[in-house]
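Chain residues, written in single-letter form:
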Amino acid sequence: MNLLVCVSRVPDTATKIFVGPDGKTIDSKGVKYILNPYDEFALEEAIRLKEKNGGEVTALTVSADDATDILRNALAMGADSAIFIKAPAEPDSYQVAHNIANSVKDKNFDLIFFGRQSVDFDSFQIPSMVAELLNIPSVSVVSKLEVNGSKVIAERDIEGGKETVELSTPCAISAQKGLNEPRYPKLPDIMKAKKKPIEEVAFFQVDAAVEVISIALPVNKRVGKILGDSDSDINEIVRSLHEDAKVI
Amino acid sequence: MPMSDFFYTDDLLSDDEIMFRNIVRDFVDDEVIPIIESHFQNATYPSHLTKKLANLGVFGIKFPEHYGGSGAGYVMYGLAMQELERGDSAIRSFASVQSSLVMYPIWRYGSESQKDKYLKKLAEAEFIGCFGLTEPDFGSNPAGMITTATKTSQGFLLNGAKMWITNGTVADVAVVWAKLDGEIHGFIVDKGTPGFTAPEMKGKHSLRASVTSELIFQDCEIPAENILNISGLKGPLSCLTQARYGIAWGAVGAALAVYQSSVDYAKSRIQFDKPIGAFQLVQEKLVYMLTEISKAQLVNIRLGRLMEEGKATPQHVSFAKRNNVEMALNCARLAREIHGANGILGEYPIMRHAANLESVKTYEGTHDIHTLILGHYITGLPAYQ
């Protein structure tokens, strides 16, 4: 099987974010960047499919920064090769989707995997956009996947339940947490990843569809809540400490 | 959680080194830290982690691919030891023994058939190894050992006892040092060899999540091909240099754990209506920790590169082991004070690291012996003879 996994380079979720001096970007100084956590599920699923059915896994990223570090990470996990498309400036989702579609349209991928979202801008748009541009079916937020030949059965999370859909290859899948348990790359594979190829592909020029006007940190508003000693209020405070404040 | 790196030592690491360090770091956060306190309390080793550590490639870091290793360098190994000991000294001790004290002597002094028989299986943790040098009456003075090997028609007969042996009870293979015709030689002893037993030592207040054992040899006959090709004290000492190097990194991991917990605690614990981190006496303790950890990080990276270039001496390793373990123990004690009563609770990692580091300070060459090694280096006058 010919498998593509689109990955992105995002700030570590434990990083404290500051807005840059232009008010439109984040200050990247001191920020540790990682492989987008949802993309690890996508990679793991593709690698497992390769291990089961044979074939190749290619990892791809579009980034304005040098993203070879996360591509090496994908190669260490088990991808066979990587494609790096360097953008001249921070691209919007539309530009990223166009670049992915343009660079893979002739490569006959059976499945194209994505994380369900990148945890930096959280646009949720790219998997569907790429599928549309390539004119292939897509299914998003997939938590269980079965592939038999060209038949694909995907279970996806929907509000309060699960939905099972069937589609056929080629198709696009965006991975939800729980799809699998991503592996830790092994040191011998990290050493071998150095020898795997990373192909650099020129940026496909297309105008951005969305312009960032400003970004701001959320204002920490404290809203007081007064509860009594009734059973329902006690239940509410336990729920609130558990689910809202997440301290218990 | 980003770790303290005040002098940007990450800039001195390769991409591979950073990637693997981060993977071991994540592994320790996910798999070691959540479970280690109960193992420490119950005095059990978390044996389910052994295979997982092997799968990461932790045991074979420095050895060639042919023997199940990765062919990586000393800094890679050091970083892994640092992260494991950030979890617990027991986990790092396991890896030190497996890699530096068992795989290393077999790789360095073993015959090709010994290497083929053991190294890959040790790298994959199909075999667990242990290292028998110390005896009940010979710790800092291993040259005085009384365990003997005598030649027989089939091989060698071992008699004697070893003590304080990490993993002895669970080991499939022991590298044992014994005197043959008055000179120290290394021997490989397989589990189950008649005359070889390894009872566990109980009642430790330190390294409680690690198995510590005696090795007892009573007319234990091993085949002639199980001897290693090295004689004299330099054999075991060369292994200890490898392991001590890893301890120098591991100590920084333990210090980072107690420092990080102290910073968090100092910023969140309120007394007299302000965080205790606002008090000068607490700040002074935190500054000591940051300073000593940063210095130790710089020593480690330099020592690691010297090891890789073949320029490091055992004295460099003594310097790093001595300095870093003492500073880590001091950090743990200060962290205990910053955490107040909470510092003694299992909810925080402080007392566990403090108790572990008490052992780390006196194993693999006591702090005092490393002082004498450096004193010997400076003056040319050995104090231990």
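We now turn to the structure provided with this report. The shown structure was predicted, so the numbers you read here are calculated from the model rather than taken from an experiment.

### Re the overall build of chain B
Logical step 1: For chain B, the helix and strand inventory stands at 10 helices and 10 strands.
Logical step 2: Taken against the 2.2 N^0.38 rule, which gives 21 Å for 385 residues, the C-alpha radius of gyration of chain B at 21 Å falls within 12% of a compact globule.
Logical step 3: Principal-axis analysis of the C-alpha atoms gives chain B an extent of 80 × 45 × 40 Å.
Logical step 4: With 385 residues in all, chain B has 56% of them scored as buried.
Logical step 5: Sequence-distant contacts, at least 24 apart, represent 75% of the contacts inside chain B between residues at least 6 apart.
Logical step 6: Surface summary for chain B: the accessible area is close to 15,800 Å², and the carbon and sulfur share equals 55%.
Logical step 7: Both charge centroids of chain B, one from 35 positive and one from 42 negative side chains, sit 3 Å from each other.

### Structural notes on the overall build of chain A
Logical step 1: Check the secondary structure of chain A and you find six helices and 11 strands.
Logical step 2: Viewed in the frame of its principal axes, chain A has a C-alpha envelope of about 65 × 45 × 40 Å.
Logical step 3: By the burial criterion, 42% of the 248 residues in chain A qualify as buried.
Logical step 4: Of the contacts formed within chain A by residues at least 6 apart in sequence, a portion of 70% connects residues at least 24 apart.
Logical step 5: Accessible surface, chain A as shown: approximately 13,700 Å² in total, 50% of it carbon and sulfur.
Logical step 6: The averaged location of the 38 negative side-chain charges in chain A is 5 Å from the averaged location of its 29 positive side-chain charges.

### Details of the pattern of salt bridges
Logical step 1: For the structure shown, the criterion picks out 30 salt bridges over all chains.
Logical step 2: Note that A:Lys194 is salt-bridged to B:Asp16, the shortest N-O span being 2.9 Å. One end of the pair, A:Lys194, is in the loop between helix 5 (187-193) and strand 11 (198-201); the other, B:Asp16, is in helix 1 (residues 15-42), on a second chain.
Logical step 3: Judged by relative accessible area, A:Lys194 falls into the partly exposed class, the value being 45%.
Logical step 4: For B:Asp16, a relative accessible area of 10% corresponds to the buried category.
Logical step 5: B:Arg21 is paired through a salt bridge with B:Asp10; the nearest N and O atoms lie 2.9 Å apart. Of this pair, B:Arg21 sits in helix 1 while B:Asp10 sits in the segment before helix 1, and the two are 11 residues apart along the sequence.
Logical step 6: For B:Asp10, a relative accessible area of 25% corresponds to the partly exposed category.

### Structural notes on the pairing of strand 6 (residues 111-115) of chain A
Residue and element names in this part refer to chain A.
Logical step 1: Most of strand 6 sits out of view: five of its five residues are buried.
Logical step 2: Of the two faces of strand 6, the one lined by Leu111, Phe113 and Gly115 and the one lined by Ile112 and Phe114 are each fully buried.
Logical step 3: Two strands pair when backbone bridges link them, and strand 1 (residues 2-6) and strand 6 are joined in this way by four bridges, in the parallel orientation. Within strand 6, the position partnered with Leu4 by the bridge is Ile112.
Logical step 4: Inspection of the sheet shows strand 6 paired to strand 10 (residues 171-175) by five bridges, in the parallel sense. The partner of Leu111 across the bridge, within strand 10, is Cys171.

### Things to note about the sheet that holds strand 4 (residues 56-63) of chain A
Residues and elements named next belong to chain A.
Logical step 1: If you trace the nine strands from one edge of the open sheet to the other, you get 9-8-7-10-6-1-4-5-11, paired in mixed fashion. In the strand order of this sheet, the two ends are held by strand 9 (161-168) and strand 11, each with one partner. Sheet twist, expressed as the mean angle between neighbouring strand axes with direction ignored, is 30°.
Logical step 2: By the bridge criterion, four bridges tie strand 5 (residues 81-86) to strand 11 in an arrangement that is parallel. Note that in strand 11 the partner of Ile83 across the bridge is Glu199.

### Looking at a nonpolar patch on the surface
Residues and elements named next belong to chain A.
Logical step 1: Residues Leu227, Ile234, Ile237, Val238, Leu241, Val247 and Ile248 make up a contiguous nonpolar surface patch of about 580 Å² in total accessible area.
Logical step 2: Following the sequence through the fold, Ile248 ends up in the segment after helix 6 (231-244).
Logical step 3: On the accessibility criterion, Ile248 (56% relative accessible area) is exposed.

### Points about the interface of chain B and chain A
Logical step 1: Listed as interface residues are 20 residues of chain B and, on the opposing side, 15 residues of chain A.
Logical step 2: Regarding the contact of chain B and chain A, the summed buried area is about 1,400 Å², with carbon and sulfur atoms giving 68% of it.
Logical step 3: The interface formed by chain B and chain A includes one salt bridge.
Logical step 4: Our count for the chain B to chain A interface comes out at three residue pairs in polar contact (both at pLDDT 80 or more).

### Digging into the state of the cysteines
Covalent bonding between the sulfur atoms of two cysteines defines a disulfide.
All names here are of chain A.
Logical step 1: With the rule as written, the count across this model stands at zero disulfides over all chains.
Logical step 2: Unpaired in terms of disulfides, Cys6 finds its nearest cysteine sulfur in Cys171, a separation of 13 Å.
Logical step 3: Residue Cys6 is classed as buried on the basis of its relative accessible area of 6%.

### What about a negative patch on the surface?
Logical step 1: A cluster of acidic side chains, namely A:Asp65, A:Asp66, A:Glu90, A:Asp120, A:Asp122, A:Glu200 and B:Asp15, defines a negative patch on the protein surface.
Logical step 2: With respect to the helices, strands and loops of the structure, A:Asp120 is situated in the loop between strand 6 and helix 4 (126-134).

### Regarding the pairing of strand 5 (residues 183-190) of chain B
All names here are of chain B.
Logical step 1: Counting buried positions along strand 5 gives six out of eight residues, so the element sits mostly inside the fold.
Logical step 2: The pairing of strand 4 (residues 173-180) with strand 5 spans eight bridges and is antiparallel. Residue pairing in the sheet places Ala178 in a bridge with His185 of strand 5.
Logical step 3: Hairpin connection of strand 4 to strand 5: two residues between the antiparallel strands, including Asp181 at a positive phi of 50°.

Cut-offs applied
- Residues numbered from 1 in each chain as written.
- Chains lettered and ligands numbered in written order.
- Predicted model: local features only at pLDDT ≥ 70, side-chain atom pairs only at ≥ 80, totals over all residues.
- Heavy atoms only, no water.
- Helix = DSSP H or I, 4+ residues; strand = E, 2+ residues; numbered from the N terminus.
- Rg over C-alpha atoms; globule rule 2.2 N^0.38 Å.
- Buried < 20%, exposed > 50% of the residue type's maximum accessible area, 1.4 Å probe, protein only.
- Contact = heavy atoms within 4.5 Å.
- Areas by Shrake-Rupley, 256 points an atom, 1.4 Å probe, with all protein chains shown as cover.
- Lys, Arg positive; Asp, Glu negative; His and termini not counted.
- Charge placed at Lys NZ, Arg CZ, Asp CG, Glu CD.
- Salt bridge = Lys/Arg side-chain N within 4 Å of Asp/Glu carboxyl O.
- Pairing = 2+ DSSP bridges.
- Axes fitted to C-alpha atoms, helices over the stretch in contact; angles between N-to-C directions.
- Patch = residues over 30% accessible without salt bridge, like charges linked within 9 Å, V, L, I, M, F, W, Y side chains within 5 Å.
- Buried area = accessible area lost by both parts, 1.4 Å probe.
- Polar contact = N/O pair within 3.5 Å; in protein donor to acceptor, adjacent residues only side chain to side chain.
- Disulfide = S-S within 2.5 Å.

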